[in-house]
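Coordinates in review
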Amino acid sequence: MNGQYLMHMSADAIYPHLVRFLGDAPPPLDHIRAAIELNKMRARTLVDLVEQLLPFIVDDAAIAYDAEAVKKHLKGEDLVQRMTELHDALAKADPFVVETTELELRVLADLRGVSAAKYIHPLRLALTGRGASPPIFDVAVALGREKTLRRLQRLISWLEDA
């Protein structure tokens, strides 16, 4: 199945074809439907799509931070403070949807007088381990509040231990 077909199919139609690539215990469609929708346009094959879905289906501990993205985006003496503030801001986003998560991050960036990118890129790294992804607020919502906050806290702890 090529990318043109994937792009035009719904997550519900794609899922039965993905199951064989998702291992012995594939996550239920309800758990990854949003992730499939976010990533289907970025994939050329089902195998590509599975690769794009990994951050949404693996345990938090399996998220490895891309070394180039770390070097490029995890900078600044105030990084731990920024990420802690972001964690707290996202924790109070209500409801936890794209609009409120983005608003919380952008308000925080404005209050701190820094570019939103100083929060967005480290957040992407925390949530996916990668330097590129679908829009990060969509990723956060697809992961859900709990997983987003856990992964952000994991990055904070990793930074503190580094």
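Everything here concerns the structure above.
So, how was this worked out
Counting from 1, residues in each chain are numbered in the order their sequence is written. In keeping with the model being predicted, local features are shown solely for residues with a pLDDT of at least 70 and side-chain atom pairs are shown and tallied solely at 80 or more, while totals for entire chains, interfaces and linings include all residues. Hydrogens and water molecules were not included; the side-chain quantities draw on all heavy atoms of the structure. Each helix is a run of DSSP H or I of at least 4 residues and each strand a run of E of at least 2, with the numbering of both proceeding from the N terminus. Computation of the radius of gyration draws on C-alpha atoms alone. For the globule rule, the value is 2.2 Å times the number of residues to the power 0.38. The cut-offs for exposure are 20% and 50% of the maximum accessible area for each residue type, with area from a 1.4 Å probe on protein chains only; residues under the lower value are buried, those over the upper are exposed, and the others partly exposed. Residue contacts are counted whenever heavy atoms from the two residues lie within 4.5 Å of one another. Using the Shrake-Rupley algorithm and a 1.4 Å probe, accessible areas are obtained, with residue cover drawn only from the displayed protein chains. Asp and Glu are treated as the negative residues and Lys and Arg as the positive ones, with His and the ends of the chain left uncounted. For charged residues, the charge sits on one atom: NZ in Lys, CZ in Arg, CG in Asp, CD in Glu. A helix is expected to reach a length of 1.5 Å times the quantity of its residues less one. To obtain the arc, one takes the directions from the helix axis to the C-beta atoms. Here, a salt bridge means any Lys or Arg side-chain nitrogen found within 4 Å of an Asp or Glu carboxyl oxygen. Note on method: axes are straight lines fitted to C-alpha atoms, helices fitted across the in-contact stretch only, with angles between N-to-C directions ranging 0 to 180 degrees. By convention, the crossing between two helices is left-handed when the near helix turns anticlockwise from the far helix through less than a right angle, and right-handed when the turn is clockwise. Throughout, the ten residues Ala, Val, Leu, Ile, Met, Phe, Trp, Tyr, Cys and Pro are labelled nonpolar, Asp, Glu, Lys and Arg are labelled charged, and all others, Gly among them, are labelled polar.

1. A word on the overall build of the protein chain
- Summing up its helical and strand segments, the protein chain has 10 helices and zero strands in all.
- Helices (α) and strands (β) of the protein chain occur, in sequence order from the N terminus, as α-α-α-α-α-α-α-α-α-α.
- Taken over the C-alpha trace, the protein chain has a radius of gyration of 16 Å; the compact-globule value for 162 residues is 15 Å, and the two agree within 12%.
- Seen through its C-alpha atoms, the protein chain measures out along the principal axes to roughly 45 × 30 × 25 Å.
- A burial count over the protein chain gives 44% of its 162 residues as buried.
- Considering only residue pairs separated by 6 or more positions, the protein chain has 67% of its internal contacts joining residues 24 or more positions apart.
- Working note: accessible area of the protein chain is about 8700 Å², and carbon and sulfur atoms make up 53% of it.
- Charged side chains in the protein chain number 20 positive and 23 negative. The centres of these two groups are separated by 5 Å.

2. Quick notes on helix α6 (residues 79–91)
- With 13 residues, α6 should cover 18 Å at 1.5 Å per step; its first-to-last C-alpha distance of 18 Å lies within 8% of that length.
- Taken as a whole, α6 has its buried residues at L79, R82, M83, L86, H87, A89 and L90. One side of α6 carries all its buried residues, which in axial view fall inside an arc of 165 degrees.
- Where the residues of α6 are buried, they touch α7 (98–112), α8 (117–128) and α10 (145–161).

3. Comments concerning the pattern of salt bridges
- Applying the stated criterion to the full structure yields 10 salt bridges.
- With a shortest N-O distance of 3.0 Å, E51 and R130 are connected by a salt bridge. Highlighted residues: E51 in helix α4 (residues 46–57) and R130 in the loop between α8 and α9 (136–143), separated in sequence by 79 residues.
- Between D78 and R82 there is a salt bridge whose closest N-O contact spans 3.2 Å.
- Owing to a relative accessible area of 25%, D78 belongs among the partly exposed residues under this scheme.
- In this structure, a network of salt bridges that share partners links the residues D78, R82, E85 and R112.

4. Concerning the packing of α8 against α9
- Relative orientation of the contacting elements α8 and α9 amounts to 35 degrees, with a least axis distance of 10 Å. Considering how the two elements wind past one another, α8 and α9 form a crossing that is left-handed. Contact with α8, carried on its side by I120, L123, R124, L127 and T128, involves I136, F137, V139, A140 and L143 of α9 and no other residues of that element.
- Looking at the contact of α8 with α9 residue by residue, the class counts come to eight nonpolar, one polar and one charged.

Taken by themselves, the reported measurements are silent on function.
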